[in-house]
Amino acid sequence: MPADGRVTIENLAGSVKVVGWDQAEISVTGTLGQDVERLDFSAGARSQVEVIYKERHGRKGDRMRDLLGGGDGGGEDDGADLTVQVPRGCQL
């Protein structure tokens, strides 16, 4: 990853901590909740980290409310808590 590259991070629920470091690479660590299907990651000058959630039946607004803790489906095990280390100087 070039020091002046660009990183996009998408996570609907949980937390993301971004830390700059002196490595020319990205590191992603953390935990994925039970409602997470997978973590997609692409590397290069334009890198992307995206948390993909399992589909739940119902309206899209209901799903968003569940992920954000406003519905009965939200809980401590939902979402993703990530720490993403990126080269200092890259764009987020």
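On a predicted model such as this, the values are computed, not experimentally measured, just so you know.

Peer 1: What exactly am I supposed to notice about the overall build of the protein chain here?
Peer 2: Counting its regular elements, the protein chain contains 1 helix and 6 strands. When the helices and strands of the protein chain are placed in sequence order, the string is β-β-β-β-β-α-β. Here the protein chain holds 92 residues, and the buried ones make up 28% of them. Considering only residue pairs separated by 6 or more positions, the protein chain has 71% of its internal contacts joining residues 24 or more positions apart. In the form shown here, the protein chain has an accessible surface area of approximately 5900 Å², with 45% of it arising from carbon and sulfur atoms.

Peer 1: Looking at this structure, how should I read the pattern of salt bridges?
Peer 2: Oppositely charged side chains can pair when the atoms bearing their charge come close. Overall, the coordinates contain 3 salt bridges when judged by the stated rule. Close ionic contact of Arg88 with Asp22 constitutes a salt bridge, the shortest N to O distance being 2.9 Å. Taken together, the residues span a long stretch of sequence, with Arg88 in the segment after strand S6 (80–87) and Asp22 in the loop between strand S2 (14–21) and strand S3 (27–32) at a distance of 66 residues. Residue Arg88 shares its accessibility class with Asp22, and that shared class is exposed. Asp40 serves as the salt-bridge partner of Arg38, at 2.9 Å between the closest nitrogen and oxygen. Connected via shared salt-bridge partners are Glu37, Arg38 and Asp40.

Peer 1: Explanation requested: the sheet that holds S6 in the structure shown.
Peer 2: The strands making up a sheet are joined through hydrogen bonds of the backbone, oriented either antiparallel or parallel. Read across the open sheet, the 3 strands follow the order S2-S6-S3; overall the sheet is mixed. In the strand order of this sheet, the two ends are held by S2 and S3, each with one partner. Across the sheet, the axes of successive neighbouring strands diverge by a mean angle of 10°, strand direction being ignored. In this structure, S2 lies alongside S6, joined through 8 bridges in parallel fashion. If you follow Val19 over to S6, its bridge partner there is Gln85.

Peer 1: Before we go on, may I ask you to explain the nonpolar core in this structure?
Peer 2: Note that soluble globular proteins tend to have their nonpolar side chains buried in a common cluster. Val7, Ile26, Val51, Tyr53, Ala80, Leu82 and Val86 are the most contacted members of the largest nonpolar core, which totals 13 residues. Mapped by element, the contributors of at least two residues to this core are strand S5 (46–53) and S6. Looking at which element gives the most residues to this core, the answer is S6, with 4 residues.

Peer 1: Help me understand the sheet that holds strand S1 (residues 6–10) in this model?
Peer 2: Within the open sheet, the 3 strands sit side by side as S1-S5-S4. Their pairing is mixed. One side of each edge strand has no neighbouring strand; the edge strands of this open sheet are S1 and strand S4 (36–42). On average, each strand axis in the sheet is inclined to that of its neighbour by 5°, with strand direction left out of account.

The rules we used
Residues numbered from 1 in each chain as written. Predicted model: local features only at pLDDT ≥ 70, side-chain atom pairs only at ≥ 80, totals over all residues. Heavy atoms only, no water. Helix = DSSP H or I, 4+ residues; strand = E, 2+ residues; numbered from the N terminus. Buried < 20%, exposed > 50% of the residue type's maximum accessible area, 1.4 Å probe, protein only. Contact = heavy atoms within 4.5 Å. Areas by Shrake-Rupley, 256 points an atom, 1.4 Å probe, with all protein chains shown as cover. Salt bridge = Lys/Arg side-chain N within 4 Å of Asp/Glu carboxyl O. Pairing = 2+ DSSP bridges. Axes fitted to C-alpha atoms, helices over the stretch in contact; angles between N-to-C directions. Core = buried A, V, L, I, M, F, W, Y, C linked by side-chain atoms within 4.5 Å.

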